[in-house]
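# Remarks on the overall topology
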Amino acid sequence: PVLPEELPIREENTLRPANVYAATKTCQGMLGQLYAQAYGLNIISVRAFNHIGPKQSEAFVVSNFCQQVARIEKGLQPPVLDVGNLSAKRDFTDVRDIVKGYVQLINQGLSGQVYNIGQGKAYTIDYILSRILSFSPTKVEIQVNPEKLRPVDVPLIVADIQKINLNTGWKPEIELDTSLLDTLNYWRNTITL
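What this report covers is the structure whose coordinates are included nearby. (Residues numbered from 1 in each chain as written. Predicted model: local features only at pLDDT ≥ 70, side-chain atom pairs only at ≥ 80, totals over all residues. Heavy atoms only, no water.)

## Description of the overall build of the protein
Convention followed: The secondary structure listing takes helices from DSSP runs of H or I that are at least 4 residues long and strands from runs of E that are at least 2 residues long, numbered from the N terminus. Only protein chains enter the accessibility calculation, which uses a 1.4 Å probe. A residue is then buried if its area is under 20% of the maximum for its type, exposed if over 50%, and partly exposed in between. Here a residue-residue contact requires only that any non-hydrogen atoms of the pair lie within 4.5 Å.
Within the protein one finds 6 helices and 8 strands. Dimensions of the protein along its principal axes, counting C-alpha atoms only, are 60 × 35 × 25 Å. Residues classed as buried in the protein amount to 37% of the 193 residues present. Across the protein, the fraction of contacts at a sequence separation of at least 24, relative to all contacts at a separation of at least 6, is 84%.

## A look at the packing of aromatic side chains
Rule in force here: Stacked, edge-to-face and tilted are the three classes for Phe, Tyr and Trp ring pairs, Trp counted by its six-membered ring, which pair at centre distances within 6.5 Å; planes under 30 degrees apart are stacked, over 60 edge-to-face, the rest tilted. Charge over a ring is defined by NZ of Lys or CZ of Arg lying within 6 Å of the ring centre and within 35 degrees of the ring normal.
In this structure the tally under the stated criterion is 3 aromatic pairs. With a centroid separation of 5.6 Å and an interplanar angle of 15°, the aromatic rings of Y123 and Y127 are classed as stacked. A residue is classified by how much of its surface remains accessible, and Y123, at 19% relative accessible area, is buried. With centroids separated by 5.1 Å and ring planes inclined at 70°, the aromatic side chains of Y186 and W187 adopt a geometry described as edge-to-face. Of note, K163 hangs over the ring of Y115, and the distance from its end group to the ring centre comes to 5.0 Å.

## Structural notes on the nonpolar core
The cut-off we apply is this: Here, the term nonpolar core denotes a set of buried Ala, Val, Leu, Ile, Met, Phe, Trp, Tyr and Cys residues that are joined through side-chain atoms within 4.5 Å.
Core analysis: the biggest nonpolar cluster contains 22 residues, and V62, F65, I128 and I132 have the highest contact counts within it. Of all elements in the fold, only α2 (61–73), β3 (80–83), α4 (125–134) and α6 (176–190) reach the threshold of two or more residues within this core. With 6 residues, α2 is the largest single contributor of residues to this core. In contact with I128, other than residues within four places in its own chain, are V62, F92, Y123, L176 and L180.

## Thoughts on the pattern of salt bridges
Applicable threshold: By definition, a salt bridge exists where a carboxyl oxygen of Asp or Glu is found within 4 Å of a side-chain nitrogen of Lys or Arg.
For the coordinates displayed, the defined rule picks out 8 salt bridges. Put simply, E73 and R188 hold a salt bridge, and the shortest N to O gap is 2.8 Å. Of the two residues, E73 is situated in helix α2 and R188 in helix α6; the sequence distance between them amounts to 115 residues. By relative accessible area, E73 is classed as partly exposed at 27%. Among the salt bridges present, the one from D177 reaches R131, with a minimum N-O distance of 2.8 Å. Separated by 46 residues along the polypeptide, D177 in helix α6 and R131 in helix α4 bring together distant segments of the chain. Assessed through its relative accessible area of 30%, D177 is described here as partly exposed. Put simply, R10, E12 and D160 are held in one network by salt bridges that share partners.

## A few points about the side chain of T183
For T183, the position within the fold is in helix α6. Excluding its chain neighbours within four sequence positions, the residues that come into contact with T183 are G53, P54, V62, S63 and C66.

## A few points about the environment of I117
Mapping I117 onto the fold places it in strand β6 (residues 114–117). It is 7.0 Å that separates the C-alpha atoms of I117 and G101, two residues lying 16 residues apart in sequence. Apart from residues no more than four positions distant in its own chain, I117 is found in contact with V46, R47, A48, F49, I98, G101, Y102, L105, I161, I164 and W170.

## What about α6?
Where we set the bar: Any helix carries an expected span of 1.5 Å times its number of residues minus one.
Its 15 residues place the ends of α6 21 Å apart at the C-alpha level, agreeing with the 21 Å of an ideal helix rising 1.5 Å per residue. Those residues of α6 that sit buried are L176, S179, L180, T183, L184, W187 and R188. Contact partners of the buried residues in α6: β2 (50–52), α2, β5 (92–94), α3 (95–108), β7 (123–124) and α4.

## A word on the packing of α2 against α4
Relative orientation and spacing of two packed helices are given, respectively, by the angle between their axes and the distance between those axes. This is how it is decided: Note on geometry: axes are C-alpha line fits, over the in-contact stretch for helices, and angles between N-to-C directions span 0 to 180 degrees. In this scheme the crossing of two helices becomes right-handed for a clockwise turn of the near helix relative to the far one and left-handed for an anticlockwise turn of less than a right angle. Note that Gly is not counted as nonpolar here; it falls among the polar residues with everything else outside the nonpolar set of Ala, Val, Leu, Ile, Met, Phe, Trp, Tyr, Cys and Pro and the charged set of Asp, Glu, Lys and Arg.
Their axes nearest at 10 Å, the elements α2 and α4 cross at an angle of 35°. Two packed elements cross with a definite hand, and for α2 against α4 that hand is right-handed. Across the interface between the two elements, V61, V62, F65, C66 and V69 of α2 pack against I125, I128, L129, I132 and L133 of α4. Each residue belonging to the contact of α2 with α4 can be placed in one class, and the counts come to 10 nonpolar, no polar and no charged.

In short, shape yes, function no, at least from these values alone.
Here it is in structure tokens:
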């Protein structure tokens, strides 16, 4: 977990993985740095924060909300939207911006270094949901599904993106509402009656 005084999350923060997925990501980064230093390999580690955008799996919160709204609009689901914890705050960045960041790091990043890629801002899941619902004329009921609540849910995750900006000039360009609407429209065009 991230301590409140360690926010926004910098590349130098102490890593304290709270689940198996986080532990494997931590080990991967450590191995990359080790191989870069020991064998002179050109390895750059990237810590990309929450990706969002069209074609993302419905297993992820933004895409899941957009899919449910599109299904409700088409009459394929009752007007009840299943949600988990709406109070968590996350750093959401459009995947198209993240890919541009990867390209800039390939061209300008320093071997053996770790770089955060994110928006540098955090939004509550509730705010994200309210923005998605603002794009739909359909009225929905919000229902918390206990199965969607995580046993350990960090309240706030936000990236410090100064390092990538200073080293490459990269910064996110796509507005949050654009990402959300593009994702919703993807599901509207994908789901058929």
